[in-house]
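# Examination of the molecular architecture
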Amino acid sequence: MKKLVNTVLASVIAIGMLAGCSTPEPEDLKVRVGSLSGPTTIGIVNLMNDVDTAENDTNYEFTVATQPDEIAAALNAGDLDIALIPANLASVLYNRTEGGIEVIDINTYGVLYCLSTDSSIQSIGSLAGRTVITTGQGATPEYAINYLLGQYGITDCTLDFKTEGAEVIASLQENPDQIAILPQPAATAAMAQVEGLGIAFSLDDEWSGVTSDSRLVTGVTVVRTAFAEEHPEAVASFIEDHRESVDEANNNVEQTAQLVVDAGIVGAAPIAQRAIPLCNIVCVTGDQMRTDLQGYLQTLYDANPQAVGGALPGDDFYYQAS
C-alpha cells in the first residue's frame, strides 16, 4: 500500500511539473527578422554572422531593407515576425493593426547629427533662417527636427528632404556650404567625402537640453503579437541574441566594422569604425524601455498626434515576457 501511495504521489508531482513547463518551440521554427540598412542592422550584424557561420543554430531569416515602408508592409502581410524599425513607426503600426505588434526592446537612441563647414552652427538655435538638407520625411528625423525647432521657437528653418543619405552626400559634395542633418553612419560617411565638413551638434544632446522626461529614441524592435503569443521562447531567445550582438558591436568595433561593410551598410571599414561609437546602439528592455519610449512618444504626440498614428499606444504595446 505504501508503495502504491508513493507511486501515485510521484505521478501527481510529475503532472504538476509538466503543467508548469511551457511548450517547447518546434525545432524547425523559422524566425523572420527585418531591419533597416543603418544603425539597427549594425546592432545585429554579429548575430547575422553567427548564423552564417553556424555559431548560432537558430533558424533566423534576415531581411535588410532601405526604406521603413518596406518593413512595415512585410509586417502587415505577416512576412516578418520581428523587425527593427523607427520608434514612431512602431506606434503608427500598433494603431493601424489595432494592437498587432508589440515592442520588445529599444535598439538605438539618438543617431542624428547636424553637419556643417560653418563653425557658427552649434545648436538648433543656429538654424534660424537656414535651409537644412536631410532624410526621413514622415519618420524620426522629420519629427525630431520639427520638435526641436518648435522648442527653440524657430519658424523660419526650411527642411529640404532627400530620399536617402547618398543623395544628401552628393548634394554636399556639389555645395559644401549647405547644412545637413543625417543619421549615423551616413553622417560619418559624409564627413569623409566632403572636405571641412564636421559635426556641429548632436540632436540627442539638443533633445536632452529641452526635455527632462524623455529621450530621443530612434529605433525599436517589434514583434507581431500573434507570433509572440504562439512562440514566447523564440522571442526571449531573440532578445538575448540581440543583446549579445549589441555588446559585441560596442566592444569589438573593428570586427563589427568589417561585418558592416560586408553587409553593404558602409563602403569602408575605417568609416564604420568611426561611426559605430556614435550610433548609440543598445538593447534596452523592461521598465527602462517603457519609460524612455513612453516619454518619447508622448513628446511626439503633444507636438503632432499623427506622428504616432493619431493616438498613444496602450499598455499592450510594451512587451512583457510571460
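Structure's up top.
Residues numbered from 1 in each chain as written. Predicted model: local features only at pLDDT ≥ 70, side-chain atom pairs only at ≥ 80, totals over all residues. Heavy atoms only, no water.

### Concerning unusual backbone geometry
Just so we agree on the cut-off: Only DSSP runs of H or I reaching four residues or more are called helices, and only runs of E reaching two or more are called strands; each is numbered from the N terminus. When a residue's accessible area, from a 1.4 Å probe over protein chains only, is under 20% of the maximum for its type it is buried; when over 50% it is exposed; and in between it is partly exposed.
At the junction of Gln184 and Pro185, the peptide bond is cis and its omega measures out at 5 degrees in the coordinates. Inspection of the secondary structure puts Pro185 in the loop between strand S8 (179-183) and helix H8 (186-193). Look at Ala54: it is not a glycine, yet its phi comes out positive at around 65 degrees. By secondary structure assignment, the location of Ala54 is in the loop between helix H3 (45-52) and strand S2 (60-65). Ala54 gets classed as exposed once you look at its relative accessible area, which sits at 61%. Unusually for a residue other than glycine, Glu98 sits at a positive phi of about 55 degrees. When you line up the elements, Glu98 lands in the loop between helix H5 (87-96) and strand S4 (101-109).

### As for the environment of Thr58
This is how the line gets drawn: Pairs of residues are marked as contacts when any of their non-hydrogen atoms sit within 4.5 Å.
Examined against the element boundaries, Thr58 turns out to sit in the loop between H3 and S2. Residue Thr58 is classed as partly exposed on the basis of its relative accessible area, which comes to 24%. When near neighbours in sequence (up to four residues on either side) are disregarded, Thr58 contacts Val51, Ser237 and Asp241.

### Section: the pairing of S4
What counts is decided by this rule: Any two strands with at least two DSSP-identified bridges between them are counted as paired.
S4 sits mainly inside the fold: nine of its nine residues count as buried. Direction of pairing for S4 relative to strand S10 (residues 217-224): antiparallel, over a ladder of seven bridges. The residue bridging Ile101 from the neighbouring strand is Arg224, located in S10. Sheet topology places S4 next to strand S11 (residues 281-284); two bridges connect them, and they run antiparallel. Looking at S11, one finds that Ile106 is bridged to Val284.

### Topic: the sheet that holds S11
Each strand in a sheet pairs with another by means of backbone hydrogen bonds, the pair being arranged parallel or else antiparallel. The criterion, for reference: Angles here are taken between N-to-C directions and fall from 0 to 180 degrees, while the axes themselves are lines fitted to C-alpha atoms, restricted in helices to the stretch in contact.
Read from one edge of the open sheet, six strands run S2-S1-S3-S10-S4-S11, paired in mixed fashion. In the strand order of this sheet, the two ends are held by S2 and S11, each with one partner. Recorded for the sheet is a direction-independent mean angle of 25 degrees between the axes of neighbouring strands. Bridge count between strand S1 (residues 31-36) and S2: six bridges; the pairing is parallel. Bridge assignment links Gly34 to a residue of S2, and that residue is Thr63.

### A few points about the environment of Ala269
Inspection of the secondary structure assignment puts Ala269 in helix H13 (residues 269-275). Between the C-alpha atom of Ala269 and that of Leu259, which follows or precedes it by ten residues, the distance is 8.6 Å. In this structure Ala269 touches Ala257, Gln258 and Val261, once residues within four positions along its chain are discounted.

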